[in-house]
Amino acid sequence: MKYISFQYQGRAGFGCVDGEHVIDLTGVADCIDLKSYLQSAVWGETEHFSACPRLLRAEVVQQPVIPNPEKILCVGLNYESHRLETGMPEMEHPVLFTRFASTQIAHGAPIVRPHVSEKLDFEGELAVIIGRTGRHIKAADADAYIAGYSCYNDASIRDWQMHTRQFTAGKNFDSTGAFGPWLVTPDEMTDLPNRTVTTRLNGEIVQHAPFSDLIFDVPALIEYISTFCTLQPGDVIVTGTPGGVGVVRKPRLYMKPGDEIAVEIEGIGVLSNPIQQER
């Protein structure tokens, strides 16, 4: 199944995608958003769907899949192709940084290039949405804590990212974290290692890799992260980007106003965003 967060006639909501419609689940089990629905007793059930309103997808405005996650944990240098192109040494543990929820945008919304930099880079990634509270989760048990998967574009302001050894500034400009188009439940994402992520800039492939190329796979990331913090429903793990980023290309390739960037993951779909200059 596919779940989205949306705005409809001035109110926030969430629901399950059903063809050209959305089953509006807002208020079911007193849930006000998709994050609270993940924590509810009815998550994963469909019996209540028939009593819910149906909205036309064309009439809702999509929001980031989880607009209000408690935590967004991003992984750097997690494909060997990307590690090699950046010249970074092998890492014994995952490289982690955080992104703020306020920087997120939805499928179709513009990624904004700030006026302080022209070095806006693309990073197509797989996002993992947590569905259960957990601490000290073993990799072998990680699947039971996953609510679903989505596409993410961890767009980066490269010069600001490199101001210091910490990535925070370059990874947290407003309207740079594209998240969508929806959450796809794990039953539709079997055989994940053999699926691929592809990033296209103006229709041209700039990144492409199978998830088998991850240095630290999804279970390993969940085990590592849950060792130092409690994972909560709605938390997001953004698993890293493959080689091909613009900053290492010769000549360098950055996104500019008027461009269109798309991240496609087999089994999920396409997250597409135009590039707009900050006003």
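Below, the structure is looked at part by part. (Residues numbered from 1 in each chain as written. Predicted model: local features only at pLDDT ≥ 70, side-chain atom pairs only at ≥ 80, totals over all residues. Heavy atoms only, no water.)

## Overview of the pattern of salt bridges
In step 1: Counted under the stated rule, the structure contains 14 salt bridges.
In step 2: A single salt-bridge network, built from bridges that share partners, covers R99, D121, E123, D154, R158 and K171. (Salt bridge = Lys/Arg side-chain N within 4 Å of Asp/Glu carboxyl O.)

## Overview of the sheet that holds strand 16 (residues 204-210)
In step 1: Taken in spatial order, the five strands of this open sheet run 9-19-18-15-16, and their pairing is mixed. Each edge of the open sheet is held by one strand with a lone partner, namely strand 9 (111-113) and strand 16. Along the sheet, successive strands turn relative to each other by an average axial angle of 20°, direction set aside.
In step 2: Summarising the sheet, strand 9 and strand 19 (residues 269-277) pair through three bridges and their orientation is parallel. From the neighbouring strand, V112 faces strand 19, where its bridge partner is Q276. (Pairing = 2+ DSSP bridges. Helix = DSSP H or I, 4+ residues; strand = E, 2+ residues; numbered from the N terminus. Axes fitted to C-alpha atoms, helices over the stretch in contact; angles between N-to-C directions.)

## Quick word on unusual backbone geometry
In step 1: Look at the link from G180 to P181: it is a cis peptide, with omega at 5°.
In step 2: Assignment of secondary structure puts P181 in strand 14 (residues 177-184).
In step 3: Residue K250 is joined to P251 through a cis peptide bond whose omega torsion reads 0°.
In step 4: Tracing the chain through its elements places P251 in the loop between strand 17 (236-238) and strand 18 (260-265).

## Some points on the pairing of strand 16
In step 1: Here strand 15 (residues 196-201) runs beside strand 16; their pairing, made up of six bridges, is antiparallel. Bridge assignment links T196 to a residue of strand 16, and that residue is P210.
In step 2: The hairpin formed by strand 15 and strand 16 contains two residues between the paired strands, and N202 there has a positive phi angle of roughly 55°.

## Some remarks on the packing of aromatic side chains
In step 1: Throughout the structure, instances matching the rule amount to eight aromatic pairs.
In step 2: Ring centres of Y3 and Y37 lie 6.1 Å apart, and the angle between their planes is 50°; on these two criteria the pair is classed as tilted. With a gap of 34 residues between them, Y3 in strand 1 (residues 2-8) and Y37 in helix 1 (residues 34-38) connect regions that are remote in the sequence.
In step 3: By relative accessible area, Y3 is classed as buried at 0%.
In step 4: We classify Y37 as buried; its relative accessible area is 0%.
In step 5: Ring geometry for W160 versus F173: centroids 5.4 Å apart, planes at 85°, classification edge-to-face. Linking W160 in helix 3 (residues 158-161) with F173 in the loop between helix 3 and strand 14, this pair joins segments that are 13 residues apart in sequence.
In step 6: Judged by relative accessible area, W160 falls into the partly exposed class, the value being 31%.
In step 7: Ring pairing ties together the aromatic residues Y3, F14, Y37 and W43, which thus form one cluster.
In step 8: The cationic tip of R132 hangs over the ring face of Y145; the distance from NZ or CZ to the ring centre is 4.3 Å. (Phe/Tyr/Trp six-rings, centres within 6.5 Å; stacked < 30°, edge-to-face > 60°. Buried < 20%, exposed > 50% of the residue type's maximum accessible area, 1.4 Å probe, protein only. Lys NZ or Arg CZ within 6 Å of the ring centre and 35° of its normal.)

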